[in-house]
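Letter by letter, the chains look like this.
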Amino acid sequence: MHKILLAEDDNDMRRFLVKALENAGFQVSPHDNGLSAYQRLREEPFEMLLTDIVMPEMDGIELARRASELDPDIKIMFITGFAAVALNSDSEAPKNAKVLSKPVHLRELVSEVNKMLAA
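Residues numbered from 1 in each chain as written. Predicted model: local features only at pLDDT ≥ 70, side-chain atom pairs only at ≥ 80, totals over all residues. Heavy atoms only, no water.

As recorded in an unreviewed UniProt entry, the protein chain goes by Response regulator and comes from Bradyrhizobium sediminis.

Novice: Help me out: how do you make sense of the environment of Leu70 in this one?
Specialist: As for its placement among the helices and strands, Leu70 is situated in helix α3 (residues 60-70). In this structure the C-alpha to C-alpha distance between Leu70 and Arg42, which are 28 residues apart in sequence, comes to 7.4 Å. With near-sequence residues (within four places) excluded, Leu70 lies in contact with Tyr38, Leu41 and Arg42. (Helix = DSSP H or I, 4+ residues; strand = E, 2+ residues; numbered from the N terminus. Contact = heavy atoms within 4.5 Å.)

Novice: I would appreciate a short explanation of the sheet that holds strand β4 (residues 75-80) in the present structure.
Specialist: Strands sit in the order β2-β1-β3-β4-β5 across an open sheet of five strands; the sheet is parallel. Only two strands of the sheet have a single partner each, and these edge strands are β2 (27-31) and β5 (98-101). Geometrically, the sheet is characterised by an average inter-axis angle of 20° between neighbouring strands, direction not taken into account. Bridge analysis of strand β1 (residues 3-7) against β2 gives five bridges, and the strand direction is parallel. Within the sheet, the bridge partner assigned to Leu5 lies in β2 and is Ser29. Its contacts with the sheet put helix α1 (residues 11-23) on β1, β2, β3 (48-51) and β4, and the angle it makes with β2 is roughly 170°. (Pairing = 2+ DSSP bridges. Axes fitted to C-alpha atoms, helices over the stretch in contact; angles between N-to-C directions.)

Here it is in structure tokens:
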């Protein structure tokens, strides 16, 4: 079973994503901010980081950068309402990260997660 670390500060969106991913057969560890997600990443390995970009305490780009330092093979996907400005060319985000725009459709999310984990 694939393990996904989820960082999303919006409670409803986080619950929605957890339910969708668990129904698709993934093991999900949800966190409401980047800092707590990063602390969890330091405790155990995950195959994928699924994160919002705009969050309190530590934003998703910083979280992704630190996650890549801990595990260069971790897959990273951003879910954001700010995709157009999220990953500009001078962004510190890992270059192989995928970006999905909110609102995200469940089928698209599960499909993209499956594609990234299979790659």
